[in-house]
Amino acid sequence: MSSELNELYQQVIVDHAKRPRNFRVPTGASRRVDGYNPLCGDKVTIYVKVEDGVVRDISFQGSGCAISTASASLLTEALKGKTLEDAEALFESFHDLVTGLDPAHEEPGLGKLAAFSGVCDYPTRVKCATLAWHTLRAALKGEGDQVSTE
Amino acid sequence: MSGNASAPAAAGFDVERIRRDFPILSERAYGRPLVYLDNAATAQKPRAVIDALVRFYTTENANVHRGVHLLSERSTAAYEDARRTVQTFLNASSVREVIFTRGATESINLVAQTWGRANVGAGDEILISALEHHSNIVPWQMLAEEKRATLRVAPIDDRGEVILEEYEKLLGPRTKIVALAHVSNALGTVNPVRRMVGMAHNHGAVTLIDGAQAVPHFATDVQSLDCDFFAFSGHKLFGPTGIGGLYGKASLLEAMPPWQGGGDMIRSVTFEKTLYNDLPYKFEAGTPHIAGAVGLGVAIDYVTGVGLDEIAAYEHELLVYATERLSRIEGLRLVGTARHKAAVLSFVLGGIHPHDIATILDRRGIAIRAGHHCAQPVMERYGLAATSRASLAFYNTKEEIDALAAGIEAVKEIFH
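What counts, and where the lines are drawn
As a convention, each chain's residues are numbered from 1 in the sequence order in which they are written. Throughout, the order in which chains and ligands are written sets their labels, letters from A for the former and numbers from 1 for the latter. A pLDDT threshold of at least 70 governs which residues receive local features in this predicted model, and a stricter bar of 80 or more applies before side-chain atom pairs are shown or counted, although totals over entire chains, interfaces and linings include all residues. Two strands qualify as a pair provided that DSSP identifies no fewer than 2 bridges between them. Each helix is a run of H or I in the DSSP string that is no shorter than four residues. Each strand is a run of E no shorter than two, and both are numbered from the N terminus. Lines fitted to the C-alpha atoms define the axes, with helices restricted to the stretch that makes contact. Angles between their N-to-C directions range from 0 to 180 degrees. Call a crossover right-handed when, viewed with both strands pointing away from you, the route from the first strand across the helix to the second goes clockwise. Placing a C-beta atom from the backbone of each residue, one calls two residues in contact when those atoms lie within 7 Å. Each residue receives one of three labels: charged for Asp, Glu, Lys and Arg, nonpolar for Ala, Val, Leu, Ile, Met, Phe, Trp, Tyr, Cys and Pro, and polar for the others, Gly being one of them. Just so you know how the angles are binned, under 35 degrees is roughly parallel, over 145 roughly antiparallel, 65 to 115 roughly perpendicular, and the rest oblique. Helix crossings fall into two classes, left-handed where the near helix is turned counterclockwise from the far one by less than a right angle and right-handed where it is turned clockwise. A helix is expected to span 1.5 Å for every residue after the first. Buried residues are those with 20 or more other C-beta atoms within 10 Å of their own C-beta, exposed residues have 12 or fewer, and partly exposed residues lie in between; C-beta atoms are placed from the backbone.

Here's the deal with the sheet that holds strand E4 (residues 98-101) of chain B
Residues and elements named next belong to chain B.
For step 1, the next point in the chain: Spatially, the seven strands line up as an open sheet ordered E4-E10-E9-E8-E7-E5-E6, and their pairing is mixed. The open sheet has two edge strands with one neighbour each: E4 and strand E6 (150-154). Taken pair by pair, the neighbouring strands of this sheet meet at an average axis angle of 20°, ignoring direction.
For step 2, the next point in the chain: Here strand E7 (residues 175-181) pairs with strand E8 (residues 206-210) via five bridges, running parallel. Paired with Leu 180 across the strands is Ile 209, a residue of E8.

Thoughts on unusual backbone geometry
Residues and elements named next belong to chain B.
For step 1, the next point in the chain: For the bond from Leu 279 to Pro 280, the omega torsion is -5°, close enough to zero to count as cis.
For step 2, the next point in the chain: In this structure, Pro 280 sits in the loop between strand E12 (274-276) and helix H11 (290-306).
For step 3, the next point in the chain: We note that His 65 has phi near 60°; this positive angle belongs to a residue other than glycine.
For step 4, the next point in the chain: Following the sequence through the fold, His 65 ends up in the loop between helix H3 (47-60) and helix H4 (70-90).
For step 5, the next point in the chain: Unusually for a residue other than glycine, Phe 238 sits at a positive phi of about 70°.
For step 6, the next point in the chain: Within the secondary structure layout, Phe 238 lies in the loop between strand E9 (229-233) and strand E10 (244-248).

Observations concerning the sheet that holds strand E17 (residues 387-391) of chain B
All names here are of chain B.
For step 1, the next point in the chain: Within the open sheet, the four strands sit side by side as E13-E14-E17-E16. Their pairing is antiparallel. Looking at which strands have only one partner, the edges of the open sheet turn out to be strand E13 (332-335) and strand E16 (369-371). Ignoring strand direction, the axes of neighbouring strands in this sheet form an average angle of 30°.

Brief notes about the pairing of E6 of chain B
Residue and element names in this part refer to chain B.
For step 1, the next point in the chain: Taken together, the five bridges between strand E5 (residues 125-129) and E6 define a ladder with parallel strand orientation. Among the inter-strand pairings, Leu 127 is bridged to a residue of E6, identified as Arg 152.
For step 2, the next point in the chain: Tracing the backbone out of E5, into helix H6 (residues 138-147) and back to the parallel element E6 gives a crossover that is right-handed.

Some remarks on the interface of chain B and chain A
For step 1, the next point in the chain: Contacts between chain B and chain A engage 14 residues on the former and 15 residues on the latter.
For step 2, the next point in the chain: Listing elements by their share of the side of chain B that touches chain A, those giving two or more residues are helix H13 (354-362) and helix H15 (398-414) of chain B.
For step 3, the next point in the chain: A total of four residues in the side of chain B that touches chain A trace back to one element, the largest contributor, which is H13 of chain B.
For step 4, the next point in the chain: Counted by class, the side of chain B that touches chain A contains six nonpolar, five polar and three charged residues.

A few points about the packing of H11 of chain B against helix H12 (residues 308-327) of chain B
Residue and element names in this part refer to chain B.
For step 1, the next point in the chain: Viewed as axis vectors pointing N to C, H11 and H12 meet at an angle of 70°, and their least axial separation amounts to 5 Å. As the angle between them shows, H11 and H12 are arranged roughly perpendicular. Where H11 approaches H12, its residues Val 303, Thr 304 and Val 306 are matched on the opposing element by Leu 308, Glu 310 and Ile 311.
For step 2, the next point in the chain: Along the lines of polarity and charge, the residues of the contact of H11 with H12 split into four nonpolar, one polar and one charged.

Examining the packing of H4 of chain B against H11 of chain B
The relative placement of two packed helices is expressed as an angle between their axes plus a distance between the axes.
All names here are of chain B.
For step 1, the next point in the chain: Put simply, H4 and H11 touch, their axes get as near as 8 Å, and they point 40° apart. In terms of orientation, H4 lies oblique with respect to H11. For the crossing formed where H4 meets H11, the hand is left-handed. The segment H4 lies against H11, with Ser 75, Ala 78, Tyr 79, Asp 81, Ala 82, Thr 85, Val 86 and Phe 89 engaging Ile 290, Ala 293, Val 294, Leu 296, Gly 297, Ile 300, Asp 301 and Thr 304.
For step 2, the next point in the chain: In terms of residue class, the contact of H4 with H11 is built from ten nonpolar, four polar and two charged.

A short note on helix H5 (residues 104-119) of chain B
Residue and element names in this part refer to chain B.
For step 1, the next point in the chain: Its 16 residues give H5 an end-to-end C-alpha distance of 21 Å, which sits within 8% of 22 Å, the value for a rise of 1.5 Å per residue.
For step 2, the next point in the chain: Extensive coverage of H5 is indicated by the burial of twelve of its 16 residues.
For step 3, the next point in the chain: Among the residues of H5, Ala 104, Thr 105, Glu 106, Ser 107, Ile 108, Asn 109, Leu 110, Val 111, Ala 112, Thr 114, Trp 115 and Gly 116 are the ones counted as buried.

Regarding the pairing of E5 of chain B
Residues and elements named next belong to chain B.
For step 1, the next point in the chain: The buried fraction of E5 is high, at five of five residues.
For step 2, the next point in the chain: Side chains Glu 125, Leu 127 and Ser 129 project from E5 onto one buried face, and the interleaved Ile 126 and Ile 128 project onto a second face that is buried too.
For step 3, the next point in the chain: As judged from the four bridges shared by E5 and E7, these two strands associate in the parallel manner. Its bridge partner lying in E7, Ile 126 is registered against Ile 177.

Things to note about the environment of Ile 126 of chain B
For step 1, the next point in the chain: Within the fold, Ile 126 of chain B resides in strand E5.
For step 2, the next point in the chain: For the pair Ile 126 of chain B and Ile 156 of chain B, spaced 30 residues apart in sequence, the C-alpha separation works out to 17 Å.

Describing the environment of Ala 343 of chain B
Residues and elements named next belong to chain B.
For step 1, the next point in the chain: Its place among the elements puts Ala 343 in the loop between E13 and strand E14 (344-349).
For step 2, the next point in the chain: For Ala 343, a count of 30 C-beta atoms within 10 Å corresponds to the buried category.
For step 3, the next point in the chain: Taking the C-alpha atoms as reference, Ala 343 lies 8.6 Å from Val 320; in sequence the two are 23 residues apart.

Now the structure itself:
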């Protein structure tokens, strides 16, 4: 395998794709939004429970490629316990990372999400990585109950 | 193509010589030789077609059917020559039965919007198969909605073959038109269309064959098929994009109202009354894709030069080899195993998503399609969101199949 592919399919991504975390329908979610990428058929539903401006619980359901599934899984891990402001900042950082606006990967606080740094070399896969994040943002802002990447 | 394939015909097939006719096949992808296995999406173009476009714009370009000057005569002659080439290629009985369109999609829409709107009414039925591409579903849904008609769908079995007994049961006195793919783009199934057309005619229904995936792989004879309409695209037939054709029986075309209005499709225009032109111009409003038609004619000359029977035999050999090679990969399941197939291999690989497979193969220089192949109902039939699809043309080789198989093994390694 080329090293470039290793960059995209980092171990943490493959691991989360095969064993997604927080992959469940919760009880008592305060918001739920469906995300859809009509280009490839990837679907994700994000459930969040927000109290006092803090994400108390977050989980997801759906089907998609390794990049989109791992992205949703790692997102739920990263967001739990974060304030809405932190979540928005993380969205921006993640977006910059996968669209190549952060070439030095200097965005602070990405943690495991830095594993997606290889995505910016695969323009057709950026939407896979960001689907869950756009869906999350809609959920946190209370914008409708469906988002599409198109 | 199976059935009449013979080994001797394929043995004399000089694929290396043919590959040299396609400049793009010597491109490299990420530093590796390009392995192009997405021919059902669009096929590559031989040098002759590329040169024909350059030659047309360099020495012949003018509008057709209008000018009295030299260039207009040249372009009109080239355009009408291309129409005769299509007529011979499809074995239509007259050039009046060959209409240039943007492609198979536009051809089907033309029939739905003209013949369909004039002949389909409330309570009538339109019959398609469960194998259809979206382009042979949506135009009929639109018509059915407008006319309060019903769209019926003949089911397929697990191999991906239309269940003929079910198909026949769905035919009845209310069936106005039957629209069927000759070859399924998603699975490669070759439908027994001659038989299916006959069954439809027994019930008085008009028939349309979507031949987009058929014409690149084996010889087509619309008179032998006895279909009433036949749609195809040039770009899948090694010609330019944006050009294709519709064959229709003259008696039907003559009775149909025109579709788009504009120049070229008229005989005379006053503000009170317009007289429409004769066939085929009645259905060709506006300046057509003249260079595209010329390029399509050259593409047809090219494939008939190679020989459609030789192409069918060689591709069958490739299909048998690829089927055997891919079947040996543990965890790989072929989707679509019809007894009569064109060289299309749709597959799933354990729980690995087709998009990941396509990305990994792409970085090895291998182009395949991942997704629903514009045939979502086919995917739904198999309970899948998507498949990976390798679709072959006569310039592909066994070595390329080996590269695909090795690439799939590499995918499995990443997701082991």
